[in-house]
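Geometric and topological summary
What follows is each chain in one-letter form.
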Amino acid sequence: VDKICKAITRTGAQAVHPGYGFLSENADFAKQITDMGVAWLGPGPHAVQEMGDKLRSKELAVEAGVNTIPGYEGLLESVDQAREIANDIG
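Let me sum up the structure you'll find in this document. Quantities reported herein were computed from a predicted structural model and do not represent experimental measurements.

This part is about the overall build of the protein. Counting its regular elements, the protein contains 5 helices and 2 strands. Listing every helix and strand of the protein by position from the N terminus yields α-β-α-β-α-α-α. Relative to the compact-globule value of 12 Å for 90 residues, the protein shows a C-alpha radius of gyration of 19 Å, a clear excess of over 25%. By its C-alpha atoms, the protein is 55 × 25 × 15 Å across when sized along the principal axes. A separation threshold of at least 6 residues defines the contact pool for the protein, and within that pool the share at least 24 residues apart is 29%. Surface summary for the protein: the accessible area is close to 6,800 Å², and the carbon and sulfur share equals 55%. In the protein, the 8 positive side-chain charges and the 13 negative ones have mean positions that sit 13 Å from each other.

One finds Cys5, Ile8, Val16, Leu23, Phe29, Ala30, Ile33, Val38 and Trp40 forming the largest nonpolar core, which totals 9 residues. Broken down by secondary-structure element, the contributors of at least two residues to this core are helix 1 (2-11) and helix 2 (27-35). In contact with isoleucine 8, other than residues within four places in its own chain, are Ala13, Val16, Ile33, Met36 and Val38.

So, on to the packing of helix 2 against helix 3 (residues 45-52). Packing of helix 2 against helix 3 brings their axes to within 8 Å, and their N-to-C directions diverge by 180°. Taken together, helix 2 and helix 3 sit at an angle that is classed as roughly antiparallel. Contacts between helix 2 and helix 3 involve Ala27, Ala30, Lys31 and Thr34 from the former and Pro45, Val48 and Gln49 from the latter. Each residue belonging to the contact of helix 2 with helix 3 can be placed in one class, and the counts come to 4 nonpolar, 2 polar and 1 charged.

Before going further, it helps to spend a moment on the environment of leucine 23. Along the polypeptide, leucine 23 turns up in the loop between strand 1 (15-16) and helix 2. With residues up to four places along the chain from it excluded, the contact list for leucine 23 reads Val1, Ile4, Pro18, Phe29 and Trp40.

Summarising the element assignment, serine 57 is placed in helix 4 (residues 54-63). Among the polar contacts made by the side chain of serine 57, one reaches the main-chain carbonyl oxygen of lysine 54 at a distance of 2.9 Å. Apart from the residues within four sequence positions on either side, serine 57 is in contact with Glu50 and Met51.

Counted by the stated rule, this structure contains 1 aromatic pair. Look at phenylalanine 29 and tryptophan 40: their rings are 5.3 Å apart centre to centre, the planes differ by 85°, and that puts the pair in the edge-to-face class. In this pair, phenylalanine 29 sits in helix 2 while tryptophan 40 sits in strand 2 (residues 39-40), placing the two residues 11 residues apart along the sequence. For the pair phenylalanine 29 and tryptophan 40, one class covers both residues: buried.

Conventions and cut-offs
- Residues numbered from 1 in each chain as written.
- Predicted model: local features only at pLDDT ≥ 70, side-chain atom pairs only at ≥ 80, totals over all residues.
- Heavy atoms only, no water.
- Helix = DSSP H or I, 4+ residues; strand = E, 2+ residues; numbered from the N terminus.
- Rg over C-alpha atoms; globule rule 2.2 N^0.38 Å.
- Contact = heavy atoms within 4.5 Å.
- Areas by Shrake-Rupley, 256 points an atom, 1.4 Å probe, with all protein chains shown as cover.
- Lys, Arg positive; Asp, Glu negative; His and termini not counted.
- Charge placed at Lys NZ, Arg CZ, Asp CG, Glu CD.
- Core = buried A, V, L, I, M, F, W, Y, C linked by side-chain atoms within 4.5 Å.
- Buried < 20%, exposed > 50% of the residue type's maximum accessible area, 1.4 Å probe, protein only.
- Axes fitted to C-alpha atoms, helices over the stretch in contact; angles between N-to-C directions.
- Parallel < 35°, antiparallel > 145°, perpendicular 65-115°, else oblique.
- Nonpolar A, V, L, I, M, F, W, Y, C, P; charged D, E, K, R; others polar.
- Polar contact = N/O pair within 3.5 Å; in protein donor to acceptor, adjacent residues only side chain to side chain.
- Phe/Tyr/Trp six-rings, centres within 6.5 Å; stacked < 30°, edge-to-face > 60°.

Now the structure itself:
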């Protein structure tokens with residue numbers, strides 16, 4: 001990340017697209033770029049942070065009225081509980 005920021009400074013880049021993969025999912029990287037005054041061409045740091053937590057991202061999707069795949073919305077306590085829930089879901 002430091003090398004990328006140095007390259008941005010050296011080249012005078014005005015915008016950064018994180019691509020796909022680990023940099024696109026790094027909220028700290030997104031914040032560092034925006035703090036440099038460079039346009040971040042992707043979801044903002046807050047969105048990246050929220051979407052990085054799969055349980056939280058599903059909660060946000062449900063709150064926004066987005067259709068989601070049926071599943072269990074909680075932490076599983078045992079293998080037996082997992083089996084029961086899986087059988088209920090189908």
